[in-house]
Amino acid sequence: MQQRPAHPVNAMLNYAYAALESEIRVKTISEGYDPTIGIMHEGRDGSSKFIFDLMEPERPKVDRKVLDFSKSNVFDAADFVIRGDGVCRLNPGRG
């Protein structure tokens, strides 16, 4: 996930990855797994390393869906907000 996206497609990917992370987090915790014990990802204590490990196989599917969505839709400048520091975000007022 790009923390400071400068392009609308990256902003859409961040949104989609956050939704994927939430979905995997709920499922993982509900099945009794510890989200902090990762295999591939490193991080500070208490971070969700296992969640990020489980996200990896799903990332290409998310990438494809976002790419297909961005190719099949026409966007308006008002769909995105460019902050003063150049970071692009989805406009929460649109939808």
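Residues numbered from 1 in each chain as written. Predicted model: local features only at pLDDT ≥ 70, side-chain atom pairs only at ≥ 80, totals over all residues. Heavy atoms only, no water.

With that settled, consider the confidence of the model for the protein. Put simply, the protein has an average pLDDT of 89, and 91% of its residues get 70 or more. Summarising per-element confidence for the protein, the mean pLDDT is lowest in strand S2 (residues 88-90) (91) and highest in helix H3 (residues 59-72) (96). (pLDDT = per-residue confidence, 0-100. Helix = DSSP H or I, 4+ residues; strand = E, 2+ residues; numbered from the N terminus.)

Two numbers describe how helix H1 (residues 8-30) lies on H3: the axes approach to 10 Å, and their chain directions differ by 135°. The orientation of H1 relative to H3 falls into the category oblique. Handedness of the H1/H3 crossing: right-handed. Contacts between H1 and H3 involve Val-9, Met-12, Leu-13, Ala-16, Tyr-17 and Leu-20 from the former and Arg-59, Val-62, Asp-63, Val-66, Phe-69 and Ser-70 from the latter. In terms of residue class, the contact of H1 with H3 is made up of nine nonpolar, one polar and two charged. (Axes fitted to C-alpha atoms, helices over the stretch in contact; angles between N-to-C directions. Parallel < 35°, antiparallel > 145°, perpendicular 65-115°, else oblique. Left-handed = near helix turned anticlockwise from the far one by under 90°. Contact = heavy atoms within 4.5 Å. Nonpolar A, V, L, I, M, F, W, Y, C, P; charged D, E, K, R; others polar.)

We now examine the environment of Ser-30. Mapped onto the fold, Ser-30 is located in helix H1. The exposed category is assigned to Ser-30, whose relative accessible area is 59%. Put simply, Ser-30 and Ile-82 are 52 residues apart on the chain and 37 Å apart in space, counted from C-alpha to C-alpha. Among the polar contacts made by the side chain of Ser-30, one reaches the main-chain carbonyl oxygen of Lys-27 at a distance of 2.9 Å. (Buried < 20%, exposed > 50% of the residue type's maximum accessible area, 1.4 Å probe, protein only. Polar contact = N/O pair within 3.5 Å; in protein donor to acceptor, adjacent residues only side chain to side chain.)

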